[in-house]
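# Report on the structure
The residues making up each chain are set out below.
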Amino acid sequence: MIIRQMNQNDCEYILKAADDWWGGHYSSDMLSRWYIHHFRETCLLAEENGKIVGFIIGFLSQSEPDEAYIRIVMVDPAWRGKGIGRSLYETFFERAGSLGRSVIRCVTAPGKKNSIAFHARLGFMIEPQEQELGGVPAFINYDGRGGNRVVFKKVLDNMSEL
Ligand SMILES: CC(C)(COP(=O)(O)OP(=O)(O)OC[C@H]1O[C@@H](n2cnc3c(N)ncnc32)[C@H](O)[C@@H]1OP(=O)(O)O)[C@@H](O)C(=O)NCCC(=O)NCCS
C-alpha cells in the first residue's frame, strides 16, 4: 500500500467512491477539484496496486495556528480492518506535524459507534460537553445547521521526531 497526495484528477474517482463507501449519497464542498488544489498537502489517498482504496481530506487551520482538522476519512469496505485508516491518519499526523501543527481535531456523529471506536484507537480524546447523546458527549448544533457532533482532539507527541 502507498499513501500519496491527491491531485485534481483524482476528484472524479473520489466523488463516486464516497457515495459507494459511505453507504448513501455523500455531499461536501470539500470533495471538489478546487479544494484538492488549494489544500493538497492535507488531501491523501491510499492505493493498493494502483487502485484507490481510501482517502482522507483535511486542512491546516488558518485561524488556529497550532491546529489541523480532518474533515473526512473513508476506506473501501472491501479493504477495512487492514490498517489503511490508521495509515492515512498517521501520514496526516506526520504532515501536520512537519507543517508546525501539534493538535489534530475532527468530529463524528454521536450515532457512529464504529467511527468513535476508530478514533479512540488512534489516540483521540473526546472533548467534554454539557450534554450526552447515546452515551457520548455531544456538541449540540456543532455545525450551526442542526448537526450534533462528538468532538475529538489529539495532541501530537514526539513532535521533535517528525
Ligand atoms: C472508520 C474507517 C475509516 C476505518 O478504516 P479502517 O481501514 O477499517 O481502519 P483500520 O483497519 O486502520 O483500524 C485502525 C484501528 O481502529 C480500529 N477500528 C477500526 N474500525 C473499528 C470498528 N468498527 N470498531 C472498533 N475498532 C475499529 C481497529 O481495530 C484498529 O485498531 P489498532 O490499529 O489499534 O489495532 C472505515 O471503517 C470507514 O471508511 N468507515 C466509513 C466512513 C466513516 O465512518 N468515516 C469516519 C467518520 S468521519
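Residues numbered from 1 in each chain as written. Predicted model: local features only at pLDDT ≥ 70, side-chain atom pairs only at ≥ 80, totals over all residues. Heavy atoms only, no water.

## Structural notes on the overall build of the protein
The number of helices and strands found in the protein is four helices and nine strands. Start at the N end of the protein and walk to the C end: the helices and strands fall as β-α-α-β-β-β-α-β-α-β-β-β-β. Dimensions of the protein, computed from C-alpha atoms along their principal axes, come out at roughly 45 × 40 × 30 Å. Looking at the protein residue by residue over its 162 residues, the buried ones come to 43%. When the accessible surface of the protein is totalled, it reaches about 9000 Å², and 47% of it is carbon and sulfur. When the 19 basic and 20 acidic side-chain charges of the protein are each reduced to a single mean position, those positions are 3 Å apart. (Helix = DSSP H or I, 4+ residues; strand = E, 2+ residues; numbered from the N terminus. Buried < 20%, exposed > 50% of the residue type's maximum accessible area, 1.4 Å probe, protein only. Areas by Shrake-Rupley, 256 points an atom, 1.4 Å probe, with all protein chains shown as cover. Lys, Arg positive; Asp, Glu negative; His and termini not counted. Charge placed at Lys NZ, Arg CZ, Asp CG, Glu CD.)

## Brief notes about helix α1 (residues 11-22)
With twelve residues, α1 extends 16 Å from end C-alpha to end C-alpha; this agrees with the ideal 16 Å at 1.5 Å per step. Restricting attention to buried positions, one finds in α1 the residues Cys11, Ile14, Ala17, Ala18 and Trp21. Buried residues along α1 cover an arc of 120° about the axis, so they all sit on one side. Counted as exposed and oriented over 90 degrees from the buried face of α1: Glu12 and Lys16. Packing partners of the buried residues in α1 comprise α2 (33-38), β2 (43-48), β3 (51-60) and β4 (67-75). Gly23 lies just past α1 and shows a positive phi near 90°. (Expected span 1.5 Å × (residues − 1). Arc of directions from axis to C-beta. Contact = heavy atoms within 4.5 Å.)

## Focus: the domain arrangement of the protein
Domain annotation for the protein reports domain 1 (1-101) and domain 2 (103-162). The C-alpha-based centres of domain 1 and domain 2 are spaced at 18 Å. In this complex, domain 1 contributes 16 residues to the contact, which on the side of domain 2 involves 16 residues. For the domain 1 and domain 2 pair, buried surface summed over both sides reaches about 1400 Å², with 65% attributable to carbon and sulfur atoms. For the domain 1 face of the interface with domain 2, the top three residues by lost area are Tyr69, Tyr89 and Phe93, together amounting to 37%. Where domain 1 packs against domain 2, one counts one salt bridge. The interface formed by domain 1 and domain 2 holds eight residue pairs in polar contact (both at pLDDT 80 or more) in total. Sorting the residues of the side of domain 1 that touches domain 2 by element identifies β4 and α3 (84-98) as the ones contributing at least two each. With eight residues, α3 is the largest single contributor of residues to the side of domain 1 that touches domain 2. (Domains from an automatic or database assignment. Buried area = accessible area lost by both parts, 1.4 Å probe. Salt bridge = Lys/Arg side-chain N within 4 Å of Asp/Glu carboxyl O. Polar contact = N/O pair within 3.5 Å; in protein donor to acceptor, adjacent residues only side chain to side chain.)

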